[in-house]
Amino acid sequence: MTTELTYSRILSEDDSDISHLLEIYQQPAISRFLSISNNYFHFVTNTENVYFYKVYASEKLIGTIHLEKCENLLYMDILIFPEYQRMGFATSVVADVKNDAFGLKFKRIEIAIDESNAASIKLFERAGFTFVSKEDELLNYAYERT
């Protein structure tokens, strides 16, 4: 039972949600797997081929997506806020990225997952990603578009 998701790209460091997002990313349950620096939003709003989207369900901000495109390769990170996890939203976000809902025209997606993040590993394996390598505590998964 998931509602249709909508996305809004952060295009400016003046975006009204940035301070709220910084608070969320600092929560221990999140910063353990995803961390961002103080100049992160400057980077995502001023770097070519880097895209940061807010994820909404029924007009409620429920998560974020970070995408970086390098030729035909797309790197991604997603975050569904803890109170909205295990509701199918992450599955929908991954499906939208795989189906190129953002018009980025890629052939391969890669994601690095902390080896202790069992929920994310399961999510991406169910979505058709395959394990390709391990670097330190990070497991690298990839998905090839046909």
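Keep in mind that this is a model prediction, so the values were computed, not measured.

Caption draft 1: A look at the overall build of the protein. Helix and strand content of the protein: five helices and seven strands. Secondary structure elements of the protein, listed N to C terminal, follow the sequence β-α-α-α-β-β-β-α-β-α-β-β. In terms of overall size, the protein behaves like a compact globule, its C-alpha atoms giving a radius of gyration of 15 Å where 146 residues would be expected to give roughly 15 Å. By residue count, 44% of the 146 residues in the protein fall in the buried class. Long-range contacts, defined as pairs at least 24 residues apart, comprise 57% of the intrachain contacts of the protein with a sequence gap of at least 6. Per element, the accessible surface of the protein, about 8,500 Å² overall, is 46% carbon and sulfur.

Caption draft 2: Representation of the environment of Ala90 in the model. Within the element layout of this structure, Ala90 appears in helix 4 (residues 89-98). Once the C-alpha coordinates of Ala90 and Tyr25 are considered, the two residues, 65 residues apart in sequence, prove to be 17 Å apart.

Caption draft 3: Spatial organisation of the packing of aromatic side chains. Tallied over the entire structure, the rule returns eight aromatic pairs. Plain terms: the ring middles of Tyr40 and Phe41 are 5.1 Å apart, the flat faces sit at 80 degrees to each other, and that makes the pair edge-to-face. Taken together, Tyr7, Tyr53 and Phe102 form an aromatic cluster joined through their ring pairs.

Caption draft 4: Region of the structure containing the side chain of Asn140. On the secondary structure map, Asn140 appears in strand 7 (residues 138-144). The buried category is assigned to Asn140, whose relative accessible area is 13%. Apart from the residues lying within four places of it in its own chain, the contact partners of Asn140 are Ile111, Ala112, Thr130, Phe131, Val132, Ser133, Lys134 and Glu135.

Caption draft 5: Representation of helix 5 (residues 118-126) within the structure. Where helix 5 is concerned, the buried positions are Ser120, Ile121, Leu123 and Phe124. Buried residues of helix 5, viewed axially, fall in a sector of 160 degrees; they line one side. More than 90 degrees from the buried face of helix 5, the exposed residues found are Ala118, Lys122 and Arg126. At its buried positions, helix 5 is contacted by strand 4 (73-80), helix 4, strand 5 (108-114) and strand 7. Directly after helix 5, the chain includes Gly128, whose backbone phi takes a positive value near 95 degrees.

Reading the values: rules and limits
Residues numbered from 1 in each chain as written. Predicted model: local features only at pLDDT ≥ 70, side-chain atom pairs only at ≥ 80, totals over all residues. Heavy atoms only, no water. Helix = DSSP H or I, 4+ residues; strand = E, 2+ residues; numbered from the N terminus. Rg over C-alpha atoms; globule rule 2.2 N^0.38 Å. Buried < 20%, exposed > 50% of the residue type's maximum accessible area, 1.4 Å probe, protein only. Contact = heavy atoms within 4.5 Å. Areas by Shrake-Rupley, 256 points an atom, 1.4 Å probe, with all protein chains shown as cover. Phe/Tyr/Trp six-rings, centres within 6.5 Å; stacked < 30°, edge-to-face > 60°. Arc of directions from axis to C-beta.

Functional significance is not addressed by these values, which are geometric in nature.
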